[in-house]
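Residue-level structural notes
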Amino acid sequence: MENYIFFAIISVFFAGFYNFAMKIISQRGYNTSFVSIISYSSAVFLWLVFYLYNNFWNYVFSDLWIMILLAILNTIFYFLSTIYRVKSLDNMDTTLVFPLYKTFSPILITIISLFIFGESLNFKETLWIIVWIIVPLLLITKTENNIQKNLKLGIIFVIATSIFWAISNWFNKAIYNFEINVDLFVLLSLIAWTFISIFSYKVFDKKEKKLYSKKWIYKFWVLLWFFHFMSFYTFTLAVKWNLAIAYTINSFSILIPIILSVIFYKENMTYKKAFVIFLSIISMLLFI
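This is a predicted model, so every value here is computed, not measured.

As a further point, take the nonpolar core. In this structure, Met22, Met92, Val186, Leu190 and Phe220 are the most contacted members of the largest nonpolar core, which totals 80 residues. The element contributing the most residues to this core is helix H9 (residues 217-238), with twelve residues. For Val186, the contacting residues outside a window of four places in its chain are Trp47, Phe229, Phe232 and Tyr233.

Okay, the layout of surface pockets next. Over the atoms rolls a probe the size of a water molecule, and in doing so it shows where empty space is left. Its boundaries defined by the atoms lining it, the second largest pocket holds a volume of some 210 Å³. Secondary structure elements with two or more residues in the lining of the second largest pocket: helix H1 (3-28) and H9. Broken down by element, the lining of the second largest pocket gets its largest block of residues, five residues, from H1.

So, about the packing of aromatic side chains. Applying the stated criterion to the full structure yields 21 aromatic pairs. Seen in terms of ring centroids, Tyr40 and Trp193 are 5.1 Å apart; in terms of plane orientation they differ by 20°. Their pairing is stacked. Placement of the pair is Tyr40 in helix H2 (residues 32-55) and Trp193 in helix H8 (residues 182-208), with a sequence separation of 153 residues. Taken as a pair, Tyr40 and Trp193 share a single burial class, namely buried. Judged by centre distance (4.9 Å) and plane angle (90°), the rings of Trp170 and Phe171 are edge-to-face. Exposure remark for Phe171: the relative accessible area of 8% places this residue in the buried category. Among the aromatic residues, those joined into a ring-pair cluster are Tyr40, Tyr78, Trp165, Phe185, Trp193, Phe232 and Phe235. Positioned above the aromatic ring of Tyr265 is the side chain of Lys23, whose terminal nitrogen or guanidinium carbon lies 5.8 Å from the ring centre. One residue, Arg85, lies across the ring of Trp165, its end atom 5.8 Å from the ring centre.

Quick notes on the rules
- Residues numbered from 1 in each chain as written.
- Predicted model: local features only at pLDDT ≥ 70, side-chain atom pairs only at ≥ 80, totals over all residues.
- Heavy atoms only, no water.
- Core = buried A, V, L, I, M, F, W, Y, C linked by side-chain atoms within 4.5 Å.
- Buried < 20%, exposed > 50% of the residue type's maximum accessible area, 1.4 Å probe, protein only.
- Helix = DSSP H or I, 4+ residues; strand = E, 2+ residues; numbered from the N terminus.
- Contact = heavy atoms within 4.5 Å.
- 1 Å grid on protein atoms, 1.4 Å probe; cavity = no way out; pocket = protein on both sides within 12 Å on 5 of 7 lines; lining within 4 Å.
- Points joined across faces, edges and corners; volume = space filled by probe spheres on them.
- Phe/Tyr/Trp six-rings, centres within 6.5 Å; stacked < 30°, edge-to-face > 60°.
- Lys NZ or Arg CZ within 6 Å of the ring centre and 35° of its normal.

What follows is the structure, encoded as structure tokens:
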């Protein structure tokens, strides 16, 4: 198995648990920015130790300003995608949010892959991506409109987070064009995430004067930063391969938060939703 395929598959599991953490944030009423502050600041310290141990004597800090710019832009769009992902979960069940999220974002990612990075897809890969994109649209029904808190608003937030996530992934891929050190890019991104989270918390969230829960939050962040960091790092290594394929493999991670939400939060699982999940699995087998 190619290393890139291995990293793409590993990223599925970490991304799945990280996305379920977004559901926990929504359900427990945590402040997304505050959780991000304590999560990313810890990740910066731990990754800095690893980076200095692994790279300090071997790497020349050339093109540092390009790396800083890419890391900041990557972080801004990724952070926005996280904020809107939680907002979409405030309005719709996980069984709808993530399938739709993994419908809209692959469209944008495939366009970026084909027309910006000049990558190509064979017939089998194209068929797989098309099936993966179309299947979740079966979930948008009048029945769900009556069940969900606000289906239309939730879909708007899903589209927004898909756009921001696609743009963020463009920067993940771009670092290979600039031949940037991946470990340093991850470190700079974590630093940028910390500062942007602090800015969001101090400037925007404080003005809302909304009461947020802090119960178990300092234990929760340990899992959050671990899953987020590992999903980000393994996916960054995977996109050195074909961006569209790596991302579509990563999209398989939606099954984890869906299954966990049904188990722990008793979300409604209909035969139609189960059938859509089944078709999603079949689409993965088409690629394999």
